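Tertiary structure, described
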Amino acid sequence: ALAREIALLEVRQRGTAVPAPPAAVPRPKPAAPRNGLTEELREVISNTKQVENEMAMVEARLGDLEDELAEQDKTVEILEVETEEERLRTHRLQSRILQLESHLS
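The text that follows walks through the structure, step by step, so that each part is easy to find. Please read these numbers as outputs of a predicted model, since none were measured by experiment.

Let us look at the pattern of salt bridges. Under the counting rule described, the total for this entry stands at four salt bridges. Of the charged contacts in the structure, one is a salt bridge between Arg 87 and Glu 84, with a shortest N-O distance of 3.6 Å. With a gap of three residues between them, Arg 87 and Glu 84 both fall in helix 2 (residues 35-104), about one helical turn apart. Of the residues examined, Arg 87 reaches a relative accessible area of 55% and is grouped as exposed. By relative accessible area, Glu 84 is classed as partly exposed at 39%. In this structure, Glu 86 engages Arg 89 in a salt bridge whose closest nitrogen and oxygen atoms are separated by 2.3 Å. Taken together, the positions of Glu 86 and Arg 89, both in helix 2 and three residues apart, correspond to about one turn of that helix. What makes Glu 86 partly exposed here is its relative accessible area of 41%. Judged by relative accessible area, which is 42%, Arg 89 ranks as partly exposed.

Definitions and limits used
Residues numbered from 1 in each chain as written. Predicted model: local features only at pLDDT ≥ 70, side-chain atom pairs only at ≥ 80, totals over all residues. Heavy atoms only, no water. Salt bridge = Lys/Arg side-chain N within 4 Å of Asp/Glu carboxyl O. Helix = DSSP H or I, 4+ residues; strand = E, 2+ residues; numbered from the N terminus. Buried < 20%, exposed > 50% of the residue type's maximum accessible area, 1.4 Å probe, protein only.

Dropping the structure here:
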């Protein structure tokens, strides 16, 4: 699109005595960064990727630990229910023994 506009301006300039505005001057490219900066950026990018990988591994491990904890919580709940059932059974047996002893006396 820019090339077409420049060509159009050149055609107009040839057809008239009025000079066309200067063509878009390409901006100079920024100077290449010093090699040290480029190397530093590469190192930062590499370190960032490494940290992201480590975070992914830690998050995966955390997920595994959360699963293990959930399983252990379920086991604790089951054991608590079983313990309560045993307490009730023991209480009933004690009551039954006391009733039998009172009938024997």
